[in-house]
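Descriptive analysis of the structure
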2 protein chains.
Amino acid sequence: MQKPSIPKGTRDFSPLEMAKRNYIFNTIREVYHLYGYQQIETPAMENLSTLMGKYGEEGDKLLFKILNSGDCFSALSNEEIAERNPVKFAAKACEKGLRYDLTVPFARYVVQHRNEITFPFKRYQIQPVWRADRPQKGRYREFYQCDGDVVGSDSLLNEVELIQIMNEVFHKFDIRVCIKMNNRKILTGIAEIIGEAEKIVDITVAIDKLDKIGLENVNTELRNKGLAEEAIAKLQPIILLSGDNREKIAVLKEVLAASETGMKGVEELEFIFDRIDLFTLQSTLELDLTLARGLNYYTGAIFEVKSLDVQIGSITGGGRYDNLTGVFGLSGVSGVGISFGADRIFDVLNQLELYPTDSLLTTQLMFVNFGEAEEIHLLPILNQIRQAGIRTELYPEANKMKKQMGYADTKNIPYVALVGENEMKENKINLKNMLTGEQQLVSVTELIDLFTQA
Amino acid sequence: MQKPSIPKGTRDFSPLEMAKRNYIFNTIREVYHLYGYQQIETPAMENLSTLMGKYGEEGDKLLFKILNSGDCFSALSNEEIAERNPVKFAAKACEKGLRYDLTVPFARYVVQHRNEITFPFKRYQIQPVWRADRPQKGRYREFYQCDGDVVGSDSLLNEVELIQIMNEVFHKFDIRVCIKMNNRKILTGIAEIIGEAEKIVDITVAIDKLDKIGLENVNTELRNKGLAEEAIAKLQPIILLSGDNREKIAVLKEVLAASETGMKGVEELEFIFDRIDLFTLQSTLELDLTLARGLNYYTGAIFEVKSLDVQIGSITGGGRYDNLTGVFGLSGVSGVGISFGADRIFDVLNQLELYPTDSLLTTQLMFVNFGEAEEIHLLPILNQIRQAGIRTELYPEANKMKKQMGYADTKNIPYVALVGENEMKENKINLKNMLTGEQQLVSVTELIDLFTQA
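Residues numbered from 1 in each chain as written. Chains lettered and ligands numbered in written order. Predicted model: local features only at pLDDT ≥ 70, side-chain atom pairs only at ≥ 80, totals over all residues. Heavy atoms only, no water.

1. Let's talk about helix H5 (residues 86-93) of chain A
Looking at H5(A), one finds that the buried residues are Phe89(A), Ala90(A) and Ala93(A). Within H5(A), the buried residues cover an arc of 95° as seen down the axis, which keeps them to one side. In H5(A), the exposed positions that point more than 90 degrees away from the buried face belong to Val87(A) and Ala91(A). Buried residues along H5(A) sit in contact with strand S3 (65-66) of chain A together with helix H5 (86-93) of chain B. For H5(A), the side-chain oxygen to backbone nitrogen distance between the N-cap and Val87(A) is 2.9 Å, and the N-cap itself is Asn85(A). (Buried < 20%, exposed > 50% of the residue type's maximum accessible area, 1.4 Å probe, protein only. Helix = DSSP H or I, 4+ residues; strand = E, 2+ residues; numbered from the N terminus. Arc of directions from axis to C-beta. Contact = heavy atoms within 4.5 Å. Polar contact = N/O pair within 3.5 Å; in protein donor to acceptor, adjacent residues only side chain to side chain.)

2. Brief notes about the sheet that holds strand S8 (residues 284-287) of chain B
Consider a sheet: its strands pair through backbone hydrogen bonds, and that pairing is either parallel or antiparallel. Residues and elements named next belong to chain B. Spatial ordering of the open sheet is given by S1-S5-S6-S11-S10-S9-S7-S8, a layout of 8 strands whose pairing is mixed. The open sheet is flanked by strand S1 (38-39) and S8, the only strands paired with a single partner. As paired elements, strand S5 (residues 121-130) and strand S6 (residues 142-151) share 10 bridges and run antiparallel to each other. Bridged to Arg-123 within S6 is Asp-149. In this fold helix H6 (residues 103-112) packs onto S5 and S6, with an angle of close to 135° to the strand it touches most, S5. Contacting S5, S6, strand S7 (177-183), S8, strand S9 (301-307), strand S10 (316-321) and strand S11 (335-341), helix H7 (residues 157-173) runs over the sheet at an angle of about 10° to S11. (Pairing = 2+ DSSP bridges. Axes fitted to C-alpha atoms, helices over the stretch in contact; angles between N-to-C directions.)

3. What to know about the relation of the copies chain A and chain B
Superposing chain A onto chain B takes a rotation of 180° plus a shift of 0.0 Å along the axis, which leaves an RMSD of 0.0 Å. Viewed as a symmetry operation, the transformation between the two copies matches a two-fold axis. Rotation axis and chain A: the residue whose C-alpha lies nearest the axis is Ile66(A), separated from it by 2.2 Å. When the interface residues of chain A are mapped onto chain B, 100% of them again lie at the interface, so the same face is used by both copies. (Least-squares fit on C-alpha atoms with pLDDT ≥ 70 in both.)

4. Focus on the nonpolar core
Phe340(A) and Phe340(B) are the most contacted members of the largest nonpolar core, which has 253 residues in total. Ignoring any residue separated from it by four or fewer positions in sequence, one finds Phe340(B) in contact with Ile28(B), Tyr32(B), Gln145(B), Cys146(B), Ile165(B), Met166(B), Val169(B), Phe170(B), Ile315(B), Thr316(B) and Ile345(B). (Core = buried A, V, L, I, M, F, W, Y, C linked by side-chain atoms within 4.5 Å.)

5. Let's talk about the packing of helix H15 (residues 372-387) of chain A against H7(B)
At a minimum axis distance of 13 Å, the contact between H15(A) and H7(B) shows a crossing angle of 30°. Judged by the inter-axis angle, H15(A) sits roughly parallel to H7(B). In this structure, H15(A) meets H7(B) at a crossing whose hand is right-handed. For the pair formed by H15(A) and H7(B), the contact residues are Glu375(A), Leu379(A), Asn383(A), Arg386(A) and Gln387(A) on the first element and Leu157(B), Glu161(B), Gln164(B) and Glu168(B) on the second. Split into classes, the residues belonging to the contact of H15(A) with H7(B) amount to 2 nonpolar, 3 polar and 4 charged. (Parallel < 35°, antiparallel > 145°, perpendicular 65-115°, else oblique. Left-handed = near helix turned anticlockwise from the far one by under 90°. Nonpolar A, V, L, I, M, F, W, Y, C, P; charged D, E, K, R; others polar.)

6. Observations regarding the interface of chain A and chain B
Counting residues at the interface gives 107 residues for chain A and 107 residues for chain B. Taken together, the connections running from chain A to chain B amount to 10 salt bridges. Between Arg108(B) and Asp12(A) there is a salt bridge, with its nearest N and O atoms 2.6 Å apart. Between the two partners, chain A and chain B, sit 44 residue pairs in polar contact (both at pLDDT 80 or more). Of the residues forming the side of chain A that touches chain B, the biggest block, 8 residues, is contributed by H15(A). (Salt bridge = Lys/Arg side-chain N within 4 Å of Asp/Glu carboxyl O.)

7. What about the pairing of S8(B)?
Successive residues of a regular strand alternate their side chains across the two faces of the sheet. Residues and elements named next belong to chain B. Burial along S8 is one-sided: the residues Leu-285 and Leu-287 are buried and none of Thr-284 and Glu-286 is. As paired elements, S7 and S8 share 4 bridges and run parallel to each other. Each bridged residue has a counterpart across the sheet, and for Cys-178 the counterpart in S8 is Thr-284.

8. A few points about the pairing of S11(B)
All names here are of chain B. Counting buried positions along S11 gives 5 out of 7 residues, so the element sits mostly inside the fold. Summarising the sheet, S6 and S11 pair through 7 bridges and their orientation is antiparallel. Note that in S11 the partner of Val-150 across the bridge is Val-336. Alignment of S10 against S11, held across 6 bridges, turns out to be antiparallel. Of the residues in S11, the one forming a bridge with Gly-319 is Gly-337.

Structure below.
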């Protein structure tokens, strides 16, 4: 018989991996709570009418579609079936699909439940999403997103809080990061100033490549995209903008003076920097004009977080979108949010070995099983120890000592208790520290004190 | 535009519902940890070859199948397509399906990772499962299971521990329950004794109906199933068995004396009762011969938990299965496990209003927003309060007081802080208890003390 397997691009998570993932999720959750964000969950399956057309043509192809149960052919004529056209077929044979991200289901949630929700609504959501991407190293078909969003508030205080949240999460992880920030209005302003407003996407895509291909090639690319030499010349100070955030803002104020939208963007940035200056961030916060992610939907702030010590793409991103729910018929609801990339954070923590020992600990104490008499003696004692909140196992069978100790070892159990005939008589426990090998004879109460006072 | 909706049988979970569900999951998780169970997760999608044929013919129909991405027709001839046969079509157009329970994916996990696992393997798993059942009240197409299993150990200590776990979980919930127990070997023994070994399923199904249809009808049903009068007569003392667990065992020992399998079952039961008697259970533990769930796979102990105060089906169930992984080519691995029904537990806790207030609390303190000057004054203070672990919000906009207080109210925030011009001058916080209406003027340090010492 063939060894069973799982679909490509998906993963099993072992106890150790789960402990690490729970450490990540719990840390993020804790920080969201500290700022008043509340959790929601949405179903794995959404109606395809909710999902289709929200992620571009490419996204539609990457949706996992669920075959209608019962007769999947009922809505299809023989001619339609004979066409063998997968897209047309799916449109009539599949009503449901797996969620592709957490943003669209959240927008759907907000519209569907708008009468039950008190705005501003600060929600977080930690759930898996599915994409039929070609699997490759570090890219999965099932992965978790950890989104936090505020909807129904235009206040830039929300942006300030989200920066604090990102800062605090990575500080707790002990991951050194740079939080990069930009503003879509500034990008629009730049395009306006150089008279190429309709080329905003081309411009930002080119600017985004500065780090990778250098100024010369960025200019060539702009030229290839049809930008006039005059426009490219005007762009140079923007592309090469340097100095600290305040210096950059000073330059932008001059360059963008004639663009109302651009100046609005500068004002928003200034507001945020002013507020952030009121306290100390552990992370670097950097205005980065080459940051141009999510241009299809972001309308204000754009965020991205990079690890300073590990070469990996962005580990968190987000921004403000002024019309999240418009596509579902509810306009005028602004939102701003971030999404932590759990898988990449997992990789960074692994690479830097930053998991706290405690977070990986499961069982604290294992009793060796010497046989039936000892078992009967130990069961009430174990009960007492567990009542004290100590995670305790009794090895279930009187196997060879070596096997039992091996079990404790591979499960990383730090203490093993030995209670044989002598210990039973004295009503004591022989407690062995698995790390140092040290042994001590203690009473049940002493043992409980040892664990609960540590 | 039509208001968006979700697929029938699925649910969104609001912040309040999530708080309740997290209380349930965290309580169960905590108890599993106390007994050394470790968490794993498996992908939502499994290969259909893993799932098909494991849940009977009916189960196969209830699997949600995922249409192959790319060309779903590639493995099908024109003739096959023209047949319009959904089952045959799905067999070639769908490679993956959504998991239907947590047991089969766990068995697959054990076989796939057998070389990395240290046995006995105590794992728990809390994840959603999907079934294309006809949706109806209390039955969903997406719902969570909370399974705990030990594999690779024949020791009945595992059964004892699982009873302790069930007892402790419901004790923590403050739900009064009866834990019912039976043993498949006893049922087999009974069938042997009355000479109708091959009718075991018919017999147990009939016995299971005693509560609902009464003895008379049970006997009629047995007769209709072809049981001889003599066999039915022999069954009477078994069906009507009464008294406490020890009295029942005494009767069974006599009746089953001639059946080796039956006596083995009695011995197992006695072992478990002997161990459980070593400590006090808050729940009732009852030997119930009419308990006959999972006969297709259980080979030893069978468990079921019923709420004593709410009329609802079983809220937890489980048992021992001697050949969990055989279907995936690994034989000789015995397992025993339980599954908590999160949705029904949710309903019971709701009906009895048993959620601890703390578990439903999100934000502890909200600052009213009086405008820009106050905002700037408050931001560093908020930072300090959050550093102390207090979940705090600043309302993001200087809206009308009534709106801000309404927000705090619907979000169930117990304390609201007012810092206007006067409080700013004095560097104080006017703290209002939303329940009593009481107000007090405190310093930041005093406020932190108030919350952290409570």
